[in-house]
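# Residue-level structural notes
As a plain string of letters, each chain reads:
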Amino acid sequence: MSSNGIRDKVAIVGMGCTRFGERWDSSADDLLVDAMADCFDDSPRLDRDDIDAYWLGTLGTGQSGLTVSKPLGLTNIPVSRVENYCASGAEAFRNACYAVASGAYDRVVAIGVEKLKDSGFSGLLRGDPPSDGTASELSFTAPAAFSLLDPAYCAKYGVDPAAMRDAMTHVAWKNHYNGARNPKAQFRSEIPKDKIARAPLVAGRLGVFDCSGVSDGAACAVLVRAEDALNYTDTPLYVKGLSLTAGAGLGAVDPDYDFTTFPEVVAAAKDAYAQAGITDPRRDISFAEVHDCFTPTELVLMEDLGFADPGHAWKNSLAGDFDLAGRLPVNPDGGLKSFGHPVGASGLRMLYECWLQFRGAAGARQLSGPRTALTHNLGGRPGACVSFVAILGRELG
């Protein structure tokens, strides 16, 4: 797999994000309006009338472009609704980027929203698409499917289950520590490690604090051609690489699949790195926002993204390599663990943290001089998923 890429052809010049959480007081319409208002309030050189087209990412909150055009009061503006599992917000961003890079539009918006709390969605229940009943992997809940990563990893690499439990606990502790410093996170409290380790079990060895929460939220980005970016902001964010992969979905029936990697992530990362000219991600990436839907997922992603050697991510995690003050901070905003996962909004929420970090506006979690960032989304389950990777930078070239 390879792609030509759009390195330095597109820039983010404005972003907005709502507070994530149990937003019983806000409808999806309210969240969309609030995200856009946050964007334009922070970007005085932008105006809603400047926008040529919109891309909406959502899994189940609304159908068609009317989901955006009605609450925003848009008249005869193209709005495309896209869905790609948990990468739906990232998919909206990817499509919007390509539209600008192609020259079809000058200024576009990628926006994502999900309203899960009012739907009755619990995080364990879900609605599967129609099938003939032979898709065996669909019989697993998401926690059950991702819980398989833990024992498989221990078996392959000879890791003591107690040590793996400590590493998973550290991932949750780290992300809650970061989220406690983020006013827009759903959960804003540090959680002691002993409480995380002793939490009630959900599936396998996954406890309550090993699983991302269920929340509502919205986020958006305004995109323009890179050469026009300084007309709208003094601190644009440049797109260096974008990659999306969809696997063959054979994990449940492939005897060679061992549940210790996401091949789709490996392929997406390789493609995005090639586009962006990244040769050593441990050195070239300043920080990363990754899809920590469950704590063992983040550990496996560290290896698939090239941040750790195979079989060593658990050691690197315990050593603090991915902490806020570590060699490569991961999920400085708190990740899915602290924000929950309103599906259509998560990918754009990750980009929003990049926007803040590069502008020096991340407050108590601000990193020192970040230059290049990675965001990653994963949708589906081990052995059958889609993966998105973006590389972003604060400078052209």
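Keep in mind that this is a model prediction, so the values were computed, not measured.

## Some points on the pattern of salt bridges
- Scanning the entire structure with this criterion turns up 26 salt bridges.
- Across the salt bridge formed by Lys 117 and Glu 22, the nearest N and O atoms sit 3.3 Å from each other. Pair noted here: Lys 117 is in the loop between strand 4 (107–115) and helix 4 (142–147) and Glu 22 is in the loop between strand 1 (10–17) and helix 1 (28–42), with a separation of 95 residues, a long-range link.
- Glu 22 gets classed as partly exposed once you look at its relative accessible area, which sits at 44%.
- Among the ionic pairs, Asp 321 bridges to Arg 327, the shortest N-O distance being 3.1 Å.
- Classification of Asp 321 as buried rests on a relative accessible area of 17%.
- Note on Arg 327: relative accessible area 38%, which makes it partly exposed.

## Structural notes on the sheet that holds strand 2 (residues 53–57)
- With respect to topology, nine strands assemble into an open sheet ordered 3-2-4-7-1-8-11-10-9, the strand pairing being mixed. The open sheet has two edge strands, strand 3 (79–82) and strand 9 (287–289), and neither has a second partner. Each strand of the sheet is rotated relative to its neighbour by a mean of 25°, with strand direction disregarded.
- Here strand 10 (residues 372–381) runs beside strand 11 (residues 384–393); their pairing, made up of 10 bridges, is antiparallel. Of the residues in strand 11, the one forming a bridge with Gly 379 is Val 386.
- Sheet strands in contact with helix 1 are strand 1, strand 2, strand 4 and strand 7 (216–225), and its direction is about 40° off that of strand 7.

## Concerning the environment of Arg 181
- Within the fold, Arg 181 resides in the loop between helix 6 (161–179) and helix 7 (193–197).
- As a C-alpha pair, Arg 181 and Gly 334 span 153 residues in sequence and 8.2 Å in three-dimensional space.
- A polar atom in the side chain of Arg 181 sits 2.8 Å from the backbone oxygen of Tyr 177.

## A closer look at empty space enclosed by the protein
- Counted according to the given criterion, the structure contains one cavity of 30 Å³ or more.
- There is about 40 Å³ of room inside the largest cavity.
- Residues of the lining of the largest cavity, tallied by class, amount to three nonpolar, one polar and five charged.

## Quick look at the UniProt feature "domain: Thiolase C-terminal" (unreviewed entry) in the protein
- In the numbering adopted here, UniProt assigns the feature "domain: Thiolase C-terminal" (unreviewed entry) to residues 258–392.
- Structurally, residues 258–392 comprises 41% helix and 16% strand, and the distance from its first C-alpha atom to its last is 32 Å.

## A word on the packing of aromatic side chains
- Scanning all chains against the criterion turns up eight aromatic pairs.
- Measuring from centroid to centroid gives 6.2 Å for Phe 146 and Phe 262, while their planes differ by 40°, and the two rings are tilted. Placement of the pair is Phe 146 in helix 4 and Phe 262 in the loop between strand 8 (237–246) and helix 8 (263–276), with a sequence separation of 116 residues. For the residue pair Phe 146 and Phe 262, the accessibility class agrees, reading buried in each case.
- Clustering of aromatic rings is evident, with ring pairs tying together Phe 146, Phe 262 and Phe 294.
- In this structure, Lys 193 packs its charged tip against the face of Trp 173, placed 4.9 Å from the ring centre.
- Sitting over the face of the ring of Phe 339, Arg 349 holds its NZ or CZ atom 4.8 Å from the ring centroid.

Here is what the cut-offs are and how they apply
Residues numbered from 1 in each chain as written. Predicted model: local features only at pLDDT ≥ 70, side-chain atom pairs only at ≥ 80, totals over all residues. Heavy atoms only, no water. Salt bridge = Lys/Arg side-chain N within 4 Å of Asp/Glu carboxyl O. Helix = DSSP H or I, 4+ residues; strand = E, 2+ residues; numbered from the N terminus. Buried < 20%, exposed > 50% of the residue type's maximum accessible area, 1.4 Å probe, protein only. Pairing = 2+ DSSP bridges. Axes fitted to C-alpha atoms, helices over the stretch in contact; angles between N-to-C directions. Contact = heavy atoms within 4.5 Å. Polar contact = N/O pair within 3.5 Å; in protein donor to acceptor, adjacent residues only side chain to side chain. 1 Å grid on protein atoms, 1.4 Å probe; cavity = no way out; pocket = protein on both sides within 12 Å on 5 of 7 lines; lining within 4 Å. Points joined across faces, edges and corners; volume = space filled by probe spheres on them. Nonpolar A, V, L, I, M, F, W, Y, C, P; charged D, E, K, R; others polar. UniProt positions renumbered as here; feature names shortened; annotations may be inferred. Phe/Tyr/Trp six-rings, centres within 6.5 Å; stacked < 30°, edge-to-face > 60°. Lys NZ or Arg CZ within 6 Å of the ring centre and 35° of its normal.

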